[in-house]
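Spelled out from the first residue to the last, the chains are:
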Amino acid sequence: MSTPDSTLPTDAQPTFRDLGLPAPLQSAVDDLGFTTPSPIQAEAVPALLAGRDITGVAQTGTGKTAAFGLPLLAALDADADVSRGHVQALVLAPTRELAMQVAEAVESFATHLPGVQVLPVYGGAPYQPQQRALRDGVHVVVGTPGRVMDHLDRGALHLDTVKFLVLDEADEMLRMGFAEDVETIFGQAPAERQVALFSATMPPAIRQVADTHLTDPVQIAVSRQSSTVTTVEQTYAVVPFRHKVGSLVRVLATSDADATIVFTRTRAAAEEVGVALVERGVSAATISGDVAQKEREKIVERLRSGALDVLVATDVAARGLDVDRIGLVVNFDLPREAEAYVHRIGRTGRAGRTGKALSFVTPHERGKLKHIERTIRTRLVEAEIPSPRDVSAHRARTILSTVPTRLEAGRLDLYTQLLTEHLTPGEDGTTPDPTQVAAALLALAVGDDGPQHLAAQAEHEKERAEVKGGRTRETKRAERSDRDGDRTRRHPRADRDGDRPRGIRRAAEGTRYRVAVGHAHGAQPRGIVGALTNEGGLRGADIGKIDIFGSFSLVDITKPLDDAAMNKIGRANVAGRQLRIAPDKGAPQARAPRSERRPAHTA
Ligand code: AMP
C-alpha cells in the first residue's frame, strides 16, 4: 500500500526479532502482525531493554506505545507481590481516551504473560472498582495524573515499588496543568526507577522535567512528514447495521463540512444509501463504477460548484476524485482493504485544508478496524453519533445565528403585529410567556414536534446504551454464529427512526409503492402513470409523487390497492418490463442495477 508517512518500516531497518525481546513479548508482537519495528521502536526498545532512560519526540501513529509498552512489560517481576496497590509500572497519559487506548495496547502486548494485570484509571469513572482492582493486585497502572493522585491520596496506590515510569504526551500533560501532579508522582517513585518520556514537542518546560527526573536519557526523535493522513481527523463510531442510515442522516445534519463523500462497499449499497438519503430530504447523488463518464463528470461538477453537497460513491467510482470542498468522508461501510481506507480519506484534507473522516463500524467489525489501524499506524478516535436532540440543537443554533441579519433586514411589522396579538391576555386573563412562545417557534422551525421527537431520542439513547454495553442485537447474533454480517444484514432503509427532516414524509400522500422499472430500463413517469390508470383503474388524482431510480421507482398512491388490483398492475408492462408493484418496505426487489444514477425527482 502507499505509505502514509515516513515513520513506516523500511527495508534497512532491523526486524523485531533483532531487538532482543523476551519470548512471550515476541509472540505477542507476532500475534499483532508487527514484523518490522518502526524507527522509534528500533531505537527505543533496545535502549529501554538495556535499562536506559529515554526521551522520545514522537507523535501518535509512530508506534510509540509499543516502543515503551514492550520494554515496560519486560521489566516486570511477575512473581513479586503487587497486591494492595504496590504497582510495578505506571504510565501517565493526559486524557481518559489515551489512558484507555494505552492500557488496551499494553494488555495486547501482555497476552503471553499470564497473570500480568493492567489497569486503566481515569476520572469520571467510579472509584470503587479501580480501588478493588488495585487492592487485589495489578502490575501496570495507566492513568491520568488527576486520578492517579486521587488514588495516591486515598492510599489505594503506592509508588514505592515502581520500576518503570512513562510520561506519554508530556507536553499535553503540562498544557493541561498537570505539572505539579507530575512532580509529586516523580517524588513518590523510587530513585532507581527507569523513565521513558514521550512528547510531540520538546519545549523548555519538558526539557526541564527531563533534566530533573531522567538519568542520562537516550534522546530519540522521529519526524512524521506531513501527509494526507495527518491533515485528516480520523474517527470511528460503533453503529449497528440497522442504525447506519439514521446515524448518517444525523451526522450529515450536524456536520459543518461544505461537502461530504459517503463510501459504501458495493454498488447496490451505494444506490440504496443514495435513495435513503433523498427520501429523508438530503440532497445526495450516487456515482458508482459503471455510471456513464459524462454523467459522472456532471455530478462531480455539481459537487465542485456547491450545487450538490453529498455524494455517495463506491471506491472505484471515487478514484481520482479531487474536490477541495470535501470536508468530511463517511465510511458507511468499512473498506475491505486498508489501502482503500487511505484512498478514501485522501478525498478530504486537500489543498492544505483539514478534513474529517468518520468510519461506521458494526459491533462485530472491531477486529477489522484494528487491522486498518495497525496497517496505517494510526489510532482512530471514537466519536459519538449525534442524537436527534443534537440535530435539533444544531439546527436551532444555525437559525439563531441568522437572527441578527434578519433583524437588520427589517420589515418585520407583520410578524411583530401577529406576535403582539398572540401575547395579549386571553379570555382567562393569562398571557403566554414570550420566551416559551419563542422556544415553541424555534422547535417548530427545526421540525421538533415534541412527542415524536422524544421517542426518537429515547430510541437513540437505548441504541447507544446497547452499543456501549457491547450487547447489540448484532453482537448477540454474531456470538451465536460466525456468519459474515453482510450476509445477514438488513436493508439500510429499514432504519426509520423518526429523524426524517421536517416536511418529508415516507409517502407524502397515501402509501408508497415500489415498481420494478427504473432509469436502467428507460422508465418515464408518463409510462408509469399510464399503466396505473389503464390497468389499475386509478385516476390521475390517486397518484402522487413518482421517484425514478436506477433499477426501480417509488410511487405514492392515495387509493388503497387490494391484492387483485396489485396483481393486475403488477403484470402491466412499462418499458418492456412487468411493474411487479408492491408496497415499499425498503428492501429492493431488483438488485444491483447496471446504472446507478442520481434519483430524478419527477412529481
Ligand atoms: P501508536 O503510535 O503507538 O499509537 O501506534 C499506532 C498504530 O500502529 C497502532 O494501531 C499500532 O498497533 C500500530 N503499530 C505500532 N507498531 C507497529 C509495527 N511495528 N508494525 C505495524 N503496526 C504497528
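Please read all numbers here as calculations on a predicted model, not as lab measurements.

**Notes on the pattern of salt bridges**
Under the defined criterion, the tally for this structure stands at 19 salt bridges. R242 is the salt-bridge partner of E466, the closest N and O atoms lying 3.8 Å from each other. Of the two residues, E466 is situated in helix α19 (residues 451–468) and R242 in the loop between β8 (232–238) and α10 (244–254); the sequence distance between them amounts to 224 residues.

**Here we look at helix α18 (residues 434–446)**
For α18, with 13 residues, the first-to-last C-alpha span of 18 Å sits near the 18 Å given by 1.5 Å per residue. Phi for G447, located one or two positions after α18, is positive at around 85 degrees.

**Structural notes on the sheet that holds strand β6 (residues 194–199)**
Pairing is parallel across the open sheet formed by seven strands, whose spatial order is β3-β4-β2-β5-β6-β1-β7. Strands at the two margins of the open sheet, each flanked by one partner only, are β3 (118–121) and β7 (218–221). Shown here is a sheet whose adjacent strand axes are inclined to one another by a mean of 15 degrees, direction ignored. In this structure, strand β5 (residues 164–167) lies alongside β6, joined through four bridges in parallel fashion. Bridging from a neighbouring strand, L165 pairs with V195 of β6. Along the sheet, helix α8 (residues 179–188) makes contact with β2 (89–92), β5 and β6, crossing β5 at roughly 170 degrees. Seen against the sheet, helix α9 (residues 204–213) touches β1 (54–57), β5, β6 and β7 and runs at an angle of roughly 175 degrees to β6.

**Some details on the packing of helix α16 (residues 388–409) against α19**
Geometry of a packed helix pair, given as the angle between the helix axes and the separation of the axes. Between α16 and α19, the shortest axis-to-axis distance is 8 Å and the interhelical angle comes to 125 degrees. One way to sum up the angle between α16 and α19 is to call them oblique. Across the interface between the two elements, P388, R389 and S392 of α16 pack against H453, A456, Q457 and H460 of α19. A per-class count over the contact of α16 with α19 returns two nonpolar, four polar and one charged.

**Description of the confidence of the model for the chain**
When the pLDDT values of the chain are averaged, the result is 83; 86% of them are 70 or greater. Confidence drops under a pLDDT of 50 for residues 1–11, and excluding neighbours within four residues, the segment shows 30 contacts in the predicted structure. Here residues 587–603 is modelled with pLDDT under 50, and outside its nearest four sequence neighbours on either side it reaches 52 contacts, counting other chains as well.

**Thoughts on a nonpolar patch on the surface**
Taken together, the side chains of L400, V403 and L407 define a hydrophobic patch exposed on the protein surface, amounting to about 260 Å² of accessible area. For L407, the position within the fold is in helix α16.

**Some points on the site of the ligand**
Surrounding the ligand, one finds 17 residues, the nearest of these being T36, Q41, G61, G63 and T65. In the model, an oxygen atom of the ligand is placed 3.1 Å from a nitrogen or oxygen of the T62 main chain. Between the ligand and the protein, one listed contact pairs an oxygen atom with a backbone N or O atom of G63 at 2.8 Å. Computed on the free molecule, the ligand has an accessible area of 490 Å², of which 90% lies beneath the protein chains in the complex. Those elements that place two or more of their residues in the shell around the ligand are α3 (64–74) and α15 (366–376).

**Digging into the packing of aromatic side chains**
All chains considered together, the criterion is met by three aromatic pairs. Ring centres of F332 and F360 lie 6.0 Å apart, and the angle between their planes is 50 degrees; this geometry places the pair in the tilted category. Within this pair, whereas F332 is found in the loop between β12 (326–331) and α14 (338–345), its partner F360 is found in strand β13 (residues 355–361), the two being separated by 28 residues in sequence. Both residues of the pair, F332 and F360, count as buried. The lysine or arginine in question, R147, covers the ring of Y127, its NZ or CZ lying 3.8 Å from the ring centre. One Lys or Arg, R154, reaches over the ring of Y127 and ends 3.5 Å from the middle of that ring.

**Re the side chain of T264**
Residue placement: T264 occurs in the loop between β9 (259–263) and α11 (267–279). Taking relative accessible area as the criterion, T264 reaches 0% and is therefore assigned buried. A polar contact of 3.2 Å, which involves the side chain of T264, links it to the backbone nitrogen of A270. Discounting chain neighbours no more than four positions away, the residues touching T264 are A269, A270, V273, V312, A313, T314, D315, F332, D333 and R344.

What counts, and at which threshold
- In every chain, residue numbers begin from 1 and rise along the written sequence.
- Predicted model: local features are reported for residues with pLDDT of at least 70 only, side-chain atom pairs are reported and counted for 80 or more only, and whole-chain, interface and lining totals are derived from all residues.
- The side-chain quantities take in all heavy atoms of the structure and omit both hydrogens and water.
- Every case where a carboxyl oxygen of Asp or Glu lies within 4 Å of a side-chain nitrogen of Lys or Arg is listed as a salt bridge.
- Numbered from the N terminus, helices here are DSSP runs of H or I no shorter than four residues, and strands are runs of E no shorter than two.
- In this analysis, the expected span of each helix is defined as 1.5 Å times one less than the number of residues it contains.
- Here, strands pair whenever DSSP counts at least two bridges between them.
- For helices, the axis comes from a line fit to the C-alpha atoms of the stretch in contact; other axes are also lines fit to C-alpha atoms, and the angle between any two N-to-C directions lies between 0 and 180 degrees.
- Contact definition: two residues touch when any of their heavy atoms are within 4.5 Å.
- Angle categories: roughly parallel below 35 degrees, roughly antiparallel above 145, roughly perpendicular from 65 to 115, and oblique for all the rest.
- Residues were grouped as follows: Ala, Val, Leu, Ile, Met, Phe, Trp, Tyr, Cys and Pro as nonpolar; Asp, Glu, Lys and Arg as charged; and all remaining residues, including Gly, as polar.
- pLDDT runs from 0 to 100 and stands for how confident the predictor is about each residue.
- Candidate patch residues must exceed 30% relative accessible area and have no salt bridge, after which like charges are joined if within 9 Å and Val, Leu, Ile, Met, Phe, Trp or Tyr side chains if within 5 Å.
- Using the Shrake-Rupley algorithm and a 1.4 Å probe, accessible areas are obtained, with residue cover drawn only from the displayed protein chains.
- The near set for a molecule or strand comprises every residue that places at least one heavy atom within 4 Å of it.
- Counting of polar contacts relies on pairs of N or O atoms within 3.5 Å, with two restrictions inside protein: one atom must be capable of donating a hydrogen and the other of accepting it, and residues adjacent in sequence are counted only when both atoms are side-chain atoms.
- For Phe, Tyr and Trp, where Trp contributes only its six-membered ring, two rings pair if their centres lie within 6.5 Å, and the inter-plane angle classes them as stacked under 30 degrees, edge-to-face over 60, or tilted in between.
- Here the term buried applies to any residue with accessible area under 20% of the maximum for its type, exposed to any over 50%, and partly exposed to those in between, with areas from a 1.4 Å probe on protein chains only.
- Here, a charge over a ring means that NZ of Lys or CZ of Arg falls within 6 Å of the ring centre while also lying within 35 degrees of the ring normal.

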